[in-house]
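Examination of the molecular architecture
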Amino acid sequence: MERKNYKYVVLAVLAGMVIFTPVGGVLLDKIIAPITYSAFFKVTESPYALEETTARIQANIQELSHKGWKLSGLRSPSKAVEAAGGNTLPVFLVEACSTDYSGPLLKLDKTRIFSIMMPCTITVYKNDDGKIYIGQLNAEVMKLFFGAEAAPILQAVADDQAEMINWKERAVPPPLIRTRPGGGGGSGGADTGGC
């Protein structure tokens, strides 16, 4: 075997260890998975209760209407689990979209796949520690993987996401807006909620 091929054998053995052994399971669970999660997801602790956090995010999104942002819906997957007889801590999904950003991505064949991330979803959830957390896709990291057409749009989305969780001083907390997915109406009429 040529000397340069040894590195491929070593890599194959290491890959086998990671995939098929208890050591590999520990590596995946304790090292690789957390690094991957932290690269692709941003998690922020909220100083507010679940509904107030959600309402503040919604109000911030509405303040970004000059960039095309509209609320698309509010879902509660934890309620669906409860309705099916399960039990989980509360989770809200705040959905919003900006046609300023979605429009250019939807025009091109090679970027139309980004529709899978439309509307933009921010999750607000409670953990076992009793604290409220906000989760978002890390658009700033994702831009590194998807080419020149998508990168500037994903950077703009990342900048706006930071504004969406910017805790502004408000005399009175805003109300929770219980929009239905696809817009404010129940019939799926003309209001598309941005996307």
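Brief notes about the sheet that holds strand β2 (residues 69-75)
Sheet strands pair by backbone hydrogen bonding; their relative direction is either parallel or antiparallel. The antiparallel open sheet is built from five strands, whose spatial order is β1-β5-β4-β3-β2. The open sheet terminates on both sides in strands that have one partner only, identified here as β1 (41-46) and β2. On average, each strand axis in the sheet is inclined to that of its neighbour by 20°, with strand direction left out of account. Packed onto the sheet, helix α3 (residues 50-62) meets β1, β2, β3 (91-98), β4 (120-126) and β5 (132-137) and runs at close to 0° relative to β3.

Some remarks on helix α7 (residues 147-164)
An ideal rise of 1.5 Å per residue puts 26 Å on 18 residues; α7 measures up with 25 Å between its terminal C-alpha atoms. If you check which residues of α7 are buried, you get Ala150, Ala151, Ile153, Leu154, Gln155, Ala156, Val157, Ala158, Asp160, Gln161 and Met164. Residues of α7 that are buried sit in contact with α3, β2, α5 (99-107), β4, β5 and α6 (139-142).

So, the pairing of β4
β4 sits mainly inside the fold: five of its seven residues count as buried. Inspection of the sheet shows β3 paired to β4 by six bridges, in the antiparallel sense. Pairing of valine 91 across the sheet is with tyrosine 125, part of β4. As paired strands, β4 and β5 are joined by four bridges and run antiparallel to one another. Looking across to β5, one finds that tyrosine 125 is bridged to tyrosine 133. Between the antiparallel neighbours β4 and β5 lie five residues, among them glycine 130 with a positive phi of about 85°.

Reading the values: rules and limits
Residues numbered from 1 in each chain as written. Predicted model: local features only at pLDDT ≥ 70, side-chain atom pairs only at ≥ 80, totals over all residues. Heavy atoms only, no water. Pairing = 2+ DSSP bridges. Helix = DSSP H or I, 4+ residues; strand = E, 2+ residues; numbered from the N terminus. Axes fitted to C-alpha atoms, helices over the stretch in contact; angles between N-to-C directions. Contact = heavy atoms within 4.5 Å. Expected span 1.5 Å × (residues − 1). Buried < 20%, exposed > 50% of the residue type's maximum accessible area, 1.4 Å probe, protein only.

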